[in-house]
Amino acid sequence: MATSAVARETVFALRRQIAKIEGTLPERLQAPAAAPVDAPRNPTADVTPKKITPTNLTIVRRGLAVAPPDAFLRTGAEDLDTALGGGLPKAALSEIHGAATRDAGAVAGFALSLVSLILKQGPRLPVLWIGTAEIFREAGFPYATGLHRLFGIEPEQLLFSEAPRLLDALWTAEEAARMTALAAVILEIRGSPQRLDLTATRRLHARAQSAGGPVFLLRQAGEPEPTAAPVRLVLSAAPSAPRQTIAGPLAGSIGRSAFTVSIGKSRTALPGQFTLEWNPDERSFEERRAGERRQERAANPVPVVSASRRGKDPAPASGAVLAFAAVGSPAAGDQPSPGERAAHRRPRRAG
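Only a predicted model underlies this, so the values are computations on that prediction, with no experimental measurement involved.

A. Region of the structure containing the overall build of the protein. The secondary structure content of the protein amounts to nine helices and 13 strands. Across the protein, every contact between residues at least 6 apart in sequence was considered, and the portion connecting residues at least 24 apart equals 69%.

Right, here's the structure in full:
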């Protein structure tokens, strides 16, 4: 029995060390049920087990600890929230990836939806969006009118910080993550830069835990890399369903914004994929079921634009298009002035 207790204590000490490396505060870990929390200190370990109260638990590994319900941001999609163990962690760093640059709009829209959920639950504090000049040139800025209509965010609530270098953007994000006067911090990065490593993300995650606010790391066309974020979601745009009316779906219309959300990494959930629709009236996500997708395909059996293919009668080639009138036949309104006519008659300079 003594050997078994020592083995359990050694395994738990190793878990604490792994959690410390990944950026999780070790004092928030809970000891296994088989080992008492007030056990004497193990000489082989460098930490002493601490009694854990139900108000400061954090999920670190699947089945190891449980967090209170208010520690998560629920999206409203029950299957996704259940898969994530209650939702996205509020006081943590969360990654949102877009596989290609064309997914930047979907990534930004999903992040703004999460910000809308945060503002709906708590005080309407400002949100800071940090990025490099390259990011804002490539993807642009959110549209102010759309912010209010789709997400209920006032334009003056969304603050932007454009940094000339990635190092400056990371420093700004670290300083902003420790502030309690912000509802959320968004850091948008393009590609897979070397400076965005495990050490940099561990600092962001630790600042978010200390301040109790979320930090969203948006990645454009970046490869999945080891980070300290507990959750990584992979985003892409999903086909929108037709608008629903009293008489049924409106043919040829475009409904709510839809996202394909995949759980790329999670310390508590298994990989999964979900299709979510953003309800701008209720300010919440609604999950699109598989049966609904089959019904949409049955109602629209063919795509709106058919695939291109080579036919027997190709379209005739277009004729030549000239930007200027032919020489010798100028248009009536393009006649040179009397002062310019003499210069036009002069021979051109050789060479």
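Anyway, onward from the coordinates.
B. Broad picture of the nonpolar core. In terms of nonpolar packing, the biggest core is built from 41 residues, with Ile96, Phe110, Leu114 and Phe216 touching the most fellow members. Counting residues per element, this core draws most heavily on helix 3 (residues 104–121), at 11 residues. Core analysis: the second largest hydrophobic core is formed by 21 residues, Leu93, Leu196, Val215 and Ala229 among them.

C. Structural context of the packing of aromatic side chains. Enumeration over the complete set of coordinates arrives at nine aromatic pairs. For the pair Phe141 and Phe160, a centre-to-centre distance of 5.1 Å together with 85 degrees between the ring planes defines the contact as edge-to-face. Of this pair, Phe141 sits in the loop between helix 4 (133–139) and helix 5 (144–151) while Phe160 sits in strand 5 (residues 158–163), and the two are 19 residues apart along the sequence. Each residue in the set Phe110, Phe151, Phe259, Trp278 and Phe285 is aromatic and connected to the rest through ring pairs, giving one cluster.

D. Structural context of the sheet that holds strand 7 (residues 215–220). In space, the nine strands of this open sheet follow the order 5-4-6-7-3-8-11-12-13, with mixed pairing throughout. A strand with exactly one partner marks an edge of an open sheet, and here the two such strands are strand 5 and strand 13 (284–287). The sheet shows a mean angle of 30 degrees between the axes of neighbouring strands, taken without regard to direction. Relative to strand 7, strand 6 (residues 184–190) is paired through six bridges, and the arrangement is parallel. Residue Glu188 lies in a different strand from strand 7, and its bridge partner there is Leu218.

E. Focus on the pairing of strand 7. In terms of burial, strand 7 is largely enclosed, as six of its six residues are buried. Pairing between strand 3 (residues 93–98) and strand 7: six bridges, direction parallel. Its bridge partner being in strand 7, Ser94 is matched across the sheet by Phe216.

F. Layout of unusual backbone geometry. Although it is not a glycine, Ala221 adopts a positive phi angle of roughly 50 degrees. Summarising the element assignment, Ala221 is placed in the loop between strand 7 and strand 8 (231–237).

G. Geometry of the environment of Ile254. Mapping Ile254 onto the fold places it in the loop between strand 10 (248–249) and strand 11 (258–266). Here the alpha-carbon distance between Ile254 and Ser240, two residues 14 residues apart in the chain, equals 6.0 Å. For Ile254, the residues in contact, after removing those within four places along its chain, are Ser240, Ala241 and Arg243.

H. Fine view of the pairing of strand 13. When strand 12 (residues 273–279) meets strand 13, the two strands line up antiparallel, connected through four bridges. Pairing of Leu276 across the sheet is with Glu287, part of strand 13. Here strand 12 folds back onto strand 13, and the loop between the two strands holds four residues, one of which, Arg283, carries a positive phi near 55 degrees.

Parameters at a glance
Residues numbered from 1 in each chain as written. Predicted model: local features only at pLDDT ≥ 70, side-chain atom pairs only at ≥ 80, totals over all residues. Heavy atoms only, no water. Helix = DSSP H or I, 4+ residues; strand = E, 2+ residues; numbered from the N terminus. Contact = heavy atoms within 4.5 Å. Core = buried A, V, L, I, M, F, W, Y, C linked by side-chain atoms within 4.5 Å. Buried < 20%, exposed > 50% of the residue type's maximum accessible area, 1.4 Å probe, protein only. Phe/Tyr/Trp six-rings, centres within 6.5 Å; stacked < 30°, edge-to-face > 60°. Pairing = 2+ DSSP bridges. Axes fitted to C-alpha atoms, helices over the stretch in contact; angles between N-to-C directions.

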